[in-house]
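Descriptive analysis of the structure
Chain residues, written in single-letter form:
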Amino acid sequence: MNKLYRSAIFLILIITIFAVSGCSGKSAAGDPETTGLKNEKMNLTLLGSSPNGPGLIIMNGLAECINKSYPDSIVTNIPGNLATNIIRINNNEADACMTNTFMALAATSGEDPYEKKMDNLAAVTYLMPEVYQIVINDDLGIDSFNDFIDNKMKIRISAGMTGSATAQFVQQLLSAYGLSIQDTIDWGCEIVYQNIDNSAQMLTDNRIDMMVVGIFLPTPTIQELAQNKDIALLTIDPEVINKLCSQQKYYNYVIPAGTYTFLKEDLKTVNNNAIIAVPKNSSEENVYKMTKAFHENLDYLKTIHASMAGITAEQMINNLGIDLHPGAEKYYREAGIIPQKQN
(Lines give C-alpha, C1' and ligand atoms only; values in the text may rest on other atoms or scores of the structure.)
Protein backbone atom coordinates (compact mmCIF):
# COMPACT_ATOMS: atom_id res chain seq x y z
CA MET A 1 0.00 0.00 0.00
CA ASN A 2 2.89 2.26 0.94
CA LYS A 3 4.54 1.49 -2.37
CA LEU A 4 1.33 2.27 -4.27
CA TYR A 5 0.97 5.54 -2.41
CA ARG A 6 4.54 6.60 -3.24
CA SER A 7 3.97 5.75 -6.91
CA ALA A 8 0.82 7.84 -6.99
CA ILE A 9 2.62 10.82 -5.45
CA PHE A 10 5.47 10.47 -7.98
CA LEU A 11 2.98 10.38 -10.89
CA ILE A 12 1.23 13.51 -9.64
CA LEU A 13 4.58 15.33 -9.39
CA ILE A 14 5.51 14.36 -12.97
CA ILE A 15 2.14 15.57 -14.30
CA THR A 16 2.50 18.82 -12.37
CA ILE A 17 5.99 19.45 -13.78
CA PHE A 18 4.77 18.90 -17.37
CA ALA A 19 1.75 21.13 -16.81
CA VAL A 20 3.86 23.98 -15.42
CA SER A 21 6.42 23.58 -18.23
CA GLY A 22 3.65 23.63 -20.82
CA CYS A 23 2.15 26.80 -19.40
CA SER A 24 5.44 28.65 -19.27
CA GLY A 25 6.29 27.45 -22.79
CA LYS A 26 3.03 28.88 -24.17
CA SER A 27 3.63 32.21 -22.45
CA ALA A 28 7.10 32.45 -23.97
CA ALA A 29 5.71 31.80 -27.44
CA GLY A 30 2.74 34.10 -26.95
CA ASP A 31 -0.36 32.16 -25.91
CA PRO A 32 -3.95 33.42 -26.10
CA GLU A 33 -3.82 34.67 -22.49
CA THR A 34 -0.94 37.05 -23.22
CA THR A 35 -1.61 37.99 -26.83
CA GLY A 36 -5.31 37.30 -27.39
CA LEU A 37 -4.24 35.25 -30.40
CA LYS A 38 -4.15 31.53 -31.14
CA ASN A 39 -0.82 30.70 -32.79
CA GLU A 40 -2.24 27.92 -34.91
CA LYS A 41 -2.14 27.24 -38.62
CA MET A 42 -4.68 28.94 -40.86
CA ASN A 43 -6.90 27.59 -43.62
CA LEU A 44 -7.68 30.36 -46.10
CA THR A 45 -9.01 30.85 -49.62
CA LEU A 46 -7.70 33.93 -51.43
CA LEU A 47 -9.06 35.37 -54.68
CA GLY A 48 -6.46 36.89 -56.99
CA SER A 49 -6.37 38.26 -60.51
CA SER A 50 -5.33 36.57 -63.76
CA PRO A 51 -3.76 33.10 -63.57
CA ASN A 52 -0.45 34.53 -64.81
CA GLY A 53 1.56 37.71 -64.47
CA PRO A 54 2.25 39.99 -61.50
CA GLY A 55 -1.08 39.36 -59.77
CA LEU A 56 -0.34 35.68 -59.34
CA ILE A 57 3.20 36.38 -58.11
CA ILE A 58 1.91 38.82 -55.50
CA MET A 59 -0.88 36.55 -54.24
CA ASN A 60 1.58 33.67 -53.92
CA GLY A 61 3.81 36.01 -51.95
CA LEU A 62 0.97 36.86 -49.56
CA ALA A 63 0.29 33.15 -49.08
CA GLU A 64 3.96 32.65 -48.24
CA CYS A 65 3.73 35.44 -45.63
CA ILE A 66 0.94 33.52 -43.90
CA ASN A 67 2.96 30.31 -43.93
CA LYS A 68 6.02 32.10 -42.58
CA SER A 69 4.01 33.36 -39.60
CA TYR A 70 1.76 30.32 -39.23
CA PRO A 71 3.64 27.24 -40.48
CA ASP A 72 1.68 24.42 -42.10
CA SER A 73 -1.19 26.74 -42.99
CA ILE A 74 -3.27 25.84 -46.02
CA VAL A 75 -3.70 28.84 -48.32
CA THR A 76 -5.55 28.27 -51.60
CA ASN A 77 -5.05 30.92 -54.27
CA ILE A 78 -7.85 31.06 -56.85
CA PRO A 79 -7.56 33.21 -60.01
CA GLY A 80 -10.19 35.92 -60.16
CA ASN A 81 -11.13 39.35 -61.41
CA LEU A 82 -10.76 42.52 -59.35
CA ALA A 83 -14.38 43.46 -60.05
CA THR A 84 -16.09 40.11 -59.43
CA ASN A 85 -13.83 39.31 -56.47
CA ILE A 86 -15.72 41.92 -54.50
CA ILE A 87 -19.07 40.25 -55.18
CA ARG A 88 -17.72 36.91 -53.98
CA ILE A 89 -16.22 38.44 -50.84
CA ASN A 90 -19.48 40.26 -50.13
CA ASN A 91 -21.19 36.84 -50.35
CA ASN A 92 -18.63 35.19 -48.02
CA GLU A 93 -17.35 32.87 -50.76
CA ALA A 94 -13.68 33.39 -49.81
CA ASP A 95 -11.59 34.71 -46.93
CA ALA A 96 -9.83 37.57 -48.74
CA CYS A 97 -9.28 38.98 -52.21
CA MET A 98 -7.19 41.33 -54.24
CA THR A 99 -9.17 44.26 -55.60
CA ASN A 100 -8.65 48.00 -55.96
CA THR A 101 -9.90 51.21 -54.42
CA PHE A 102 -12.00 52.16 -57.43
CA MET A 103 -13.97 48.91 -57.37
CA ALA A 104 -14.27 48.93 -53.57
CA LEU A 105 -15.71 52.46 -53.58
CA ALA A 106 -18.10 51.65 -56.43
CA ALA A 107 -19.31 48.52 -54.63
CA THR A 108 -19.94 50.20 -51.29
CA SER A 109 -21.74 53.04 -53.08
CA GLY A 110 -23.75 50.80 -55.40
CA GLU A 111 -22.35 52.54 -58.47
CA ASP A 112 -21.54 51.19 -61.94
CA PRO A 113 -20.59 48.41 -62.61
CA TYR A 114 -22.46 47.19 -59.50
CA GLU A 115 -26.24 47.10 -59.38
CA LYS A 116 -26.58 47.51 -55.62
CA LYS A 117 -24.60 48.55 -52.55
CA MET A 118 -22.42 45.93 -50.93
CA ASP A 119 -22.02 46.37 -47.18
CA ASN A 120 -19.98 43.26 -46.29
CA LEU A 121 -16.58 44.63 -47.32
CA ALA A 122 -13.60 45.79 -45.27
CA ALA A 123 -9.93 46.41 -46.00
CA VAL A 124 -6.82 44.72 -44.63
CA THR A 125 -3.89 46.39 -46.39
CA TYR A 126 -2.69 48.48 -49.29
CA LEU A 127 -0.50 46.59 -51.76
CA MET A 128 0.69 48.80 -54.60
CA PRO A 129 -0.47 51.36 -57.18
CA GLU A 130 -2.38 50.19 -60.25
CA VAL A 131 -1.24 52.61 -62.91
CA TYR A 132 -3.30 53.49 -65.97
CA GLN A 133 -1.26 53.23 -69.15
CA ILE A 134 -2.44 54.17 -72.62
CA VAL A 135 -0.31 52.13 -75.03
CA ILE A 136 -0.31 53.00 -78.73
CA ASN A 137 1.24 51.90 -81.99
CA ASP A 138 4.08 54.42 -82.31
CA ASP A 139 3.23 54.84 -86.00
CA LEU A 140 0.26 57.00 -84.91
CA GLY A 141 2.80 59.76 -84.24
CA ILE A 142 1.10 61.25 -81.15
CA ASP A 143 2.28 61.62 -77.56
CA SER A 144 -0.81 62.70 -75.59
CA PHE A 145 -4.42 61.61 -75.25
CA ASN A 146 -5.36 65.19 -76.17
CA ASP A 147 -3.95 64.59 -79.66
CA PHE A 148 -6.34 61.66 -80.10
CA ILE A 149 -9.29 63.76 -78.92
CA ASP A 150 -8.43 66.99 -80.79
CA ASN A 151 -7.91 65.18 -84.10
CA LYS A 152 -10.87 62.81 -83.64
CA MET A 153 -8.65 59.98 -84.75
CA LYS A 154 -10.41 56.98 -86.24
CA ILE A 155 -8.58 54.18 -84.48
CA ARG A 156 -9.24 50.78 -82.94
CA ILE A 157 -9.06 50.72 -79.14
CA SER A 158 -9.09 47.96 -76.54
CA ALA A 159 -10.69 49.38 -73.39
CA GLY A 160 -10.10 46.44 -71.04
CA MET A 161 -12.59 43.76 -70.09
CA THR A 162 -16.29 44.66 -69.91
CA GLY A 163 -17.15 45.78 -66.38
CA SER A 164 -13.51 46.08 -65.34
CA ALA A 165 -11.88 49.03 -63.59
CA THR A 166 -10.07 49.78 -66.85
CA ALA A 167 -13.31 49.96 -68.82
CA GLN A 168 -14.72 52.32 -66.18
CA PHE A 169 -11.58 54.43 -66.37
CA VAL A 170 -11.89 54.82 -70.15
CA GLN A 171 -15.47 56.06 -69.72
CA GLN A 172 -14.44 58.52 -67.00
CA LEU A 173 -11.41 59.71 -68.94
CA LEU A 174 -13.61 60.54 -71.93
CA SER A 175 -16.20 62.10 -69.62
CA ALA A 176 -13.51 64.48 -68.34
CA TYR A 177 -13.29 65.73 -71.94
CA GLY A 178 -17.09 66.01 -72.15
CA LEU A 179 -17.31 62.90 -74.34
CA SER A 180 -18.59 59.33 -74.22
CA ILE A 181 -17.62 55.99 -75.74
CA GLN A 182 -20.45 56.44 -78.23
CA ASP A 183 -19.00 59.79 -79.35
CA THR A 184 -15.76 58.10 -80.35
CA ILE A 185 -17.68 55.39 -82.20
CA ASP A 186 -19.69 58.07 -84.00
CA TRP A 187 -16.53 59.71 -85.38
CA GLY A 188 -15.22 56.35 -86.57
CA CYS A 189 -13.43 54.55 -83.70
CA GLU A 190 -13.86 50.85 -83.06
CA ILE A 191 -13.97 49.82 -79.39
CA VAL A 192 -13.23 46.27 -78.26
CA TYR A 193 -13.12 44.83 -74.76
CA GLN A 194 -10.20 42.46 -74.23
CA ASN A 195 -7.83 41.53 -71.40
CA ILE A 196 -4.25 42.77 -71.43
CA ASP A 197 -2.74 39.65 -73.02
CA ASN A 198 -5.24 39.55 -75.89
CA SER A 199 -4.91 43.30 -76.34
CA ALA A 200 -1.12 43.09 -76.58
CA GLN A 201 -1.36 40.35 -79.19
CA MET A 202 -3.90 42.34 -81.19
CA LEU A 203 -1.63 45.40 -81.07
CA THR A 204 1.31 43.28 -82.24
CA ASP A 205 -0.79 41.97 -85.13
CA ASN A 206 -2.03 45.47 -86.08
CA ARG A 207 -5.62 44.52 -85.27
CA ILE A 208 -5.89 47.45 -82.83
CA ASP A 209 -4.03 50.76 -82.52
CA MET A 210 -4.39 51.52 -78.81
CA MET A 211 -4.88 49.58 -75.60
CA VAL A 212 -5.66 50.94 -72.16
CA VAL A 213 -4.56 49.00 -69.08
CA GLY A 214 -4.59 49.57 -65.34
CA ILE A 215 -1.93 47.39 -63.79
CA PHE A 216 1.27 47.26 -61.73
CA LEU A 217 4.59 48.71 -62.86
CA PRO A 218 6.63 47.63 -64.65
CA THR A 219 4.17 45.56 -66.65
CA PRO A 220 5.78 42.43 -68.17
CA THR A 221 3.22 42.28 -70.99
CA ILE A 222 4.16 45.80 -72.08
CA GLN A 223 7.87 45.03 -71.76
CA GLU A 224 7.43 41.99 -74.00
CA LEU A 225 5.23 43.92 -76.44
CA ALA A 226 7.96 46.55 -76.81
CA GLN A 227 10.37 43.84 -77.99
CA ASN A 228 8.10 43.00 -80.92
CA LYS A 229 6.64 46.35 -81.87
CA ASP A 230 7.39 50.08 -81.70
CA ILE A 231 5.02 51.43 -79.06
CA ALA A 232 4.59 54.54 -76.93
CA LEU A 233 2.63 55.67 -73.88
CA LEU A 234 0.29 58.66 -74.03
CA THR A 235 0.41 61.34 -71.36
CA ILE A 236 -2.83 62.78 -69.90
CA ASP A 237 -3.43 66.52 -69.70
CA PRO A 238 -2.82 67.89 -66.14
CA GLU A 239 -6.27 69.54 -66.04
CA VAL A 240 -7.92 66.24 -66.93
CA ILE A 241 -5.85 64.48 -64.27
CA ASN A 242 -7.07 67.00 -61.70
CA LYS A 243 -10.68 66.30 -62.71
CA LEU A 244 -10.20 62.56 -62.40
CA CYS A 245 -8.60 62.93 -58.99
CA SER A 246 -11.15 65.37 -57.56
CA GLN A 247 -14.31 63.89 -59.09
CA GLN A 248 -13.55 60.18 -59.47
CA LYS A 249 -11.14 59.38 -56.60
CA TYR A 250 -8.07 58.60 -58.68
CA TYR A 251 -4.56 59.63 -57.61
CA ASN A 252 -1.84 61.55 -59.43
CA TYR A 253 0.93 59.32 -60.69
CA VAL A 254 4.14 59.86 -62.63
CA ILE A 255 5.68 56.91 -64.47
CA PRO A 256 9.44 57.47 -64.20
CA ALA A 257 11.57 57.64 -67.33
CA GLY A 258 13.29 54.32 -67.89
CA THR A 259 10.46 52.22 -66.50
CA TYR A 260 10.34 50.86 -70.05
CA THR A 261 13.19 51.01 -72.54
CA PHE A 262 11.10 53.21 -74.85
CA LEU A 263 10.06 55.68 -72.12
CA LYS A 264 12.61 58.49 -72.24
CA GLU A 265 10.79 61.07 -70.07
CA ASP A 266 8.60 61.01 -66.97
CA LEU A 267 4.95 60.53 -67.95
CA LYS A 268 1.91 61.92 -66.13
CA THR A 269 -1.11 59.68 -65.57
CA VAL A 270 -3.33 58.46 -62.72
CA ASN A 271 -3.65 55.37 -60.59
CA ASN A 272 -5.85 53.68 -58.05
CA ASN A 273 -4.56 51.32 -55.36
CA ALA A 274 -4.56 47.56 -55.20
CA ILE A 275 -5.74 46.39 -51.78
CA ILE A 276 -6.64 43.22 -49.91
CA ALA A 277 -10.31 43.12 -48.88
CA VAL A 278 -12.19 40.70 -46.62
CA PRO A 279 -15.81 40.14 -45.63
CA LYS A 280 -16.68 42.66 -42.93
CA ASN A 281 -18.24 39.83 -40.91
CA SER A 282 -14.97 37.84 -40.84
CA SER A 283 -13.79 36.92 -37.36
CA GLU A 284 -11.57 39.53 -35.72
CA GLU A 285 -8.99 36.88 -34.85
CA ASN A 286 -8.65 35.61 -38.43
CA VAL A 287 -8.14 39.07 -39.91
CA TYR A 288 -5.80 40.06 -37.06
CA LYS A 289 -3.60 37.04 -37.83
CA MET A 290 -3.68 37.74 -41.56
CA THR A 291 -2.70 41.38 -41.03
CA LYS A 292 0.04 40.38 -38.61
CA ALA A 293 1.47 37.94 -41.16
CA PHE A 294 1.60 40.60 -43.89
CA HIS A 295 3.15 43.23 -41.62
CA GLU A 296 5.79 41.13 -39.93
CA ASN A 297 6.94 39.82 -43.34
CA LEU A 298 7.01 43.25 -44.98
CA ASP A 299 10.69 42.97 -45.93
CA TYR A 300 9.91 39.74 -47.76
CA LEU A 301 6.90 41.33 -49.52
CA LYS A 302 9.14 44.05 -50.92
CA THR A 303 11.14 41.42 -52.78
CA ILE A 304 8.32 39.58 -54.58
CA HIS A 305 7.59 42.20 -57.25
CA ALA A 306 9.11 45.54 -58.25
CA SER A 307 5.75 47.29 -57.77
CA MET A 308 5.92 46.52 -54.02
CA ALA A 309 9.56 47.45 -53.46
CA GLY A 310 8.72 50.77 -51.84
CA ILE A 311 5.84 49.73 -49.57
CA THR A 312 6.13 50.92 -45.96
CA ALA A 313 4.22 50.03 -42.80
CA GLU A 314 2.55 53.44 -42.88
CA GLN A 315 1.37 52.93 -46.46
CA MET A 316 -0.46 49.75 -45.48
CA ILE A 317 -3.33 51.83 -44.05
CA ASN A 318 -3.42 54.74 -46.51
CA ASN A 319 -5.92 55.37 -49.32
CA LEU A 320 -7.75 52.06 -48.96
CA GLY A 321 -11.09 53.34 -50.26
CA ILE A 322 -13.09 51.44 -47.62
CA ASP A 323 -12.90 51.06 -43.84
CA LEU A 324 -10.39 48.77 -42.17
CA HIS A 325 -11.67 45.53 -40.72
CA PRO A 326 -11.69 45.70 -36.87
CA GLY A 327 -9.19 42.82 -36.73
CA ALA A 328 -6.78 44.69 -39.00
CA GLU A 329 -7.27 47.91 -37.05
CA LYS A 330 -6.56 46.08 -33.79
CA TYR A 331 -3.25 44.79 -35.11
CA TYR A 332 -2.19 48.14 -36.60
CA ARG A 333 -2.90 49.85 -33.25
CA GLU A 334 -0.87 47.26 -31.35
CA ALA A 335 1.97 47.64 -33.87
CA GLY A 336 1.93 51.43 -33.44
CA ILE A 337 0.97 52.11 -37.07
CA ILE A 338 -2.34 53.60 -35.91
CA PRO A 339 -2.24 55.58 -32.63
CA GLN A 340 -3.87 53.90 -29.67
CA LYS A 341 -7.34 55.22 -28.80
CA GLN A 342 -7.34 57.69 -25.93
CA ASN A 343 -9.45 56.78 -22.88
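These numbers were taken from a predicted model, which means no experiment stands behind them.

Turning next to the packing of aromatic side chains. All chains considered together, the criterion is met by ten aromatic pairs. Consider the rings of F145 and Y177, whose centres lie 5.7 Å apart with planes at 45°: the pair is tilted. Taken together, the residues span a long stretch of sequence, with F145 in helix α6 (residues 145-150) and Y177 in the loop between α7 (165-176) and α8 (181-186) at a distance of 32 residues. Overall, the relative accessible area of 21% leaves Y177 in the partly exposed class. Pairing Y331 with Y332 gives two aromatic rings, centres 6.2 Å apart and planes at 65°, and the pair type is edge-to-face. Accessibility classification places Y331 together with Y332 in one group, the buried group. Among the aromatic residues, ring-to-ring pairing joins F102, Y132, F169 and Y250 into one connected group. A cation over an aromatic ring shows up here: K68 above the ring of Y300, its NZ or CZ 4.9 Å from the ring centre.

Position of N206 among the secondary structure elements: in the loop between α9 (196-204) and β7 (210-215). Distance from N206 to N137, taken between C-alpha atoms, is 8.3 Å for residues 69 residues apart in sequence.

This paragraph deals with the nonpolar core. By size, the foremost hydrophobic cluster in this structure holds 112 residues, and its most contacted members are F148, M210, M211 and F294. If one sorts the elements of this core by residue count, strand β4 (residues 121-137) sits on top with twelve residues. Apart from residues no more than four positions distant in its own chain, M211 is found in contact with Q133, I134, V135, S158, I196, S199, A200, L203, I222 and L225.

Glancing now at helix α12 (residues 284-296). Taking 1.5 Å of rise per residue, the 13 residues of α12 would be expected to cover 18 Å, and the 18 Å separating its terminal C-alpha atoms lies within 8% of that figure. Along α12, the residues classified as buried are V287, Y288, K289, M290, T291, A293, F294 and H295.

All told, the structure shown has seven salt bridges when counted by the stated rule. Of the charged contacts in the structure, one is a salt bridge between D209 and R156, with a shortest N-O distance of 3.1 Å. Of this pair, D209 sits in the loop between α9 and β7 while R156 sits in strand β5 (residues 156-158), placing them 53 residues apart in sequence. On the basis of relative accessible area, D209 is assigned to the buried category, the value being 13%.

To continue, consider the environment of S50. Looking at the secondary structure, you find S50 in the loop between β1 (43-47) and α3 (54-69). Residues within four places of S50 in sequence aside, it is in contact with L56, P79 and G80.

On average, residues of the protein chain score 86 in pLDDT, and 87% of them reach the 70 mark or higher. The low-confidence segment residues 1-36 (pLDDT under 50) makes ten contacts with residues lying over four places distant or belonging to another chain.

Of the consecutive residues D112 and P113, the connecting peptide bond is found in the cis state with omega at 15°. Secondary-structure assignment places P113 in the loop between α5 (101-109) and β4. You will see that K152, though not glycine, has its phi angle at about 45°, which is positive. In this fold, K152 is placed in the loop between α6 and β5. Judged by its relative accessible area of 51%, K152 falls in the exposed class. If you check the backbone angles, N206 has positive phi at about 65° while not being a glycine. The exposure class assigned to N206 is partly exposed, which follows from its relative accessible area of 41%.

Rules behind the numbers
- Residues numbered from 1 in each chain as written.
- Predicted model: local features only at pLDDT ≥ 70, side-chain atom pairs only at ≥ 80, totals over all residues.
- Heavy atoms only, no water.
- Phe/Tyr/Trp six-rings, centres within 6.5 Å; stacked < 30°, edge-to-face > 60°.
- Helix = DSSP H or I, 4+ residues; strand = E, 2+ residues; numbered from the N terminus.
- Buried < 20%, exposed > 50% of the residue type's maximum accessible area, 1.4 Å probe, protein only.
- Lys NZ or Arg CZ within 6 Å of the ring centre and 35° of its normal.
- Core = buried A, V, L, I, M, F, W, Y, C linked by side-chain atoms within 4.5 Å.
- Contact = heavy atoms within 4.5 Å.
- Expected span 1.5 Å × (residues − 1).
- Salt bridge = Lys/Arg side-chain N within 4 Å of Asp/Glu carboxyl O.
- pLDDT = per-residue confidence, 0-100.

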